[in-house]
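Summary of structural features
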Amino acid sequence: MRCTAWRFRRFQAQGRVKGKLLWSLVVLVALVFGGALMAKPAMRWMWGAPNSSNWSRVDNVSRVDNVSRIDNVSRIEFPFDGRLIDGVPEPWTLRVIRGKEQVSVSDSEGLLGQKVLCLRAESSHYLLLNPSKQFDPKELPILAWSWKAVVLPTKGDVRTHGATPFVGDNRNDKAAQILIGFEGDKVLMYVWDTSAPVGTEVEEWSPVAKIMTHVIESGPLHVGEWRDYRVNIYDDFIRRYGSPPTKVIGVSVQINSNHTGSVSAAMIGKIRAESR
């Protein structure tokens, strides 16, 4: 009888432990998916509410007011020469996701006349957002910029991102990243990856938007050098999402090293949207 009672009590204890574990799992899943649902309007959090003051209506066509023309090329610029607030140039806004930011602005020895954004992440993840100038990507399809990777995150690899933050191997850290946010919670992201070869494309998990990532630079070969890029975001959007984009609602730069627990650093010059 004593043996039977002891086995019964042990069975009860095991049942309570399993019940607690199952309940913890249910709560975790609820938090993840509940957070994803609550975060669905988070493109407003990421990019800010659409600033309609940048737009005017001409013959039912949305057109941004602050487009300049240089050498017959229409252009909108996203520079880093604004007034500094806690090291961040206006109108850029800092969003820290994990850890601590290290942000500064300096004169560039490689980009004459430009202020460049200097970013460093030590087991951290943050981004800077600029929703101040929205535009029609059909009219300004070319995105151009220069950047320089200073330190690549150790063994970073965009291909190892998990389906959720809690499942699978995740070494998805990148030193230099540019994101373009579109209406409809859709994002194109161009990155300098440590390991994945140039041309690699993945769809990344996010609770707030659908993110299509393209590796545009890879590995240490050109670390410490300024690299120039021009991409057609209109064509890329159609190719990745299967339909034409409507409006660009913001541009963002991002850096992270939190998944690998390492260090990454980069410098980014003025970003431009151009007609050709």
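Look up: the structure comes first, before these words.
Summary of the structure given here. Just so you know, these numbers come straight off a predicted model, no measurement behind them.

**Side note on empty space enclosed by the protein**
Following the criterion strictly, the structure yields one cavity of 30 Å³ or more and no others. What the largest cavity holds in volume is close to 40 Å³. Around the largest cavity sit Leu 188, Met 189, Tyr 190, Glu 201, Met 212, Thr 213, His 214, Asp 236, Arg 239 and Arg 240, which together line it. Among the secondary structure elements, those contributing two or more residues to the lining of the largest cavity are β13 (186-193), β15 (210-218) and α3 (233-241).

**A word on the packing of aromatic side chains**
Enumeration according to the criterion identifies nine aromatic pairs in this entry. Considering the side-chain rings of Trp 145 and Trp 147, the 5.5 Å spacing of their centres and the 65° angle between planes classify their relative orientation as edge-to-face. For the pair Trp 145 and Trp 147, a shared accessibility class is recorded, and that class is buried. Taking the centre distance of 6.5 Å and the plane angle of 40° together, the rings of Trp 147 and Trp 192 count as tilted. Of this pair, Trp 147 sits in strand β11 (residues 142-151) while Trp 192 sits in strand β13; the two residues are 45 residues apart in sequence, bridging distant segments of the chain. Comparing Trp 147 with Trp 192 shows no difference in burial state: the two are buried. Grouping aromatic residues by their ring pairs yields a cluster made of Trp 145, Trp 147, Tyr 190, Trp 192 and Tyr 229. One residue, Lys 133, lies across the ring of Phe 78, its end atom 5.9 Å from the ring centre.

Reading the values: rules and limits
- Residues numbered from 1 in each chain as written.
- Predicted model: local features only at pLDDT ≥ 70, side-chain atom pairs only at ≥ 80, totals over all residues.
- Heavy atoms only, no water.
- 1 Å grid on protein atoms, 1.4 Å probe; cavity = no way out; pocket = protein on both sides within 12 Å on 5 of 7 lines; lining within 4 Å.
- Points joined across faces, edges and corners; volume = space filled by probe spheres on them.
- Helix = DSSP H or I, 4+ residues; strand = E, 2+ residues; numbered from the N terminus.
- Phe/Tyr/Trp six-rings, centres within 6.5 Å; stacked < 30°, edge-to-face > 60°.
- Buried < 20%, exposed > 50% of the residue type's maximum accessible area, 1.4 Å probe, protein only.
- Lys NZ or Arg CZ within 6 Å of the ring centre and 35° of its normal.

Everything listed here is a matter of geometry and, on its own, says nothing about what the molecule does.
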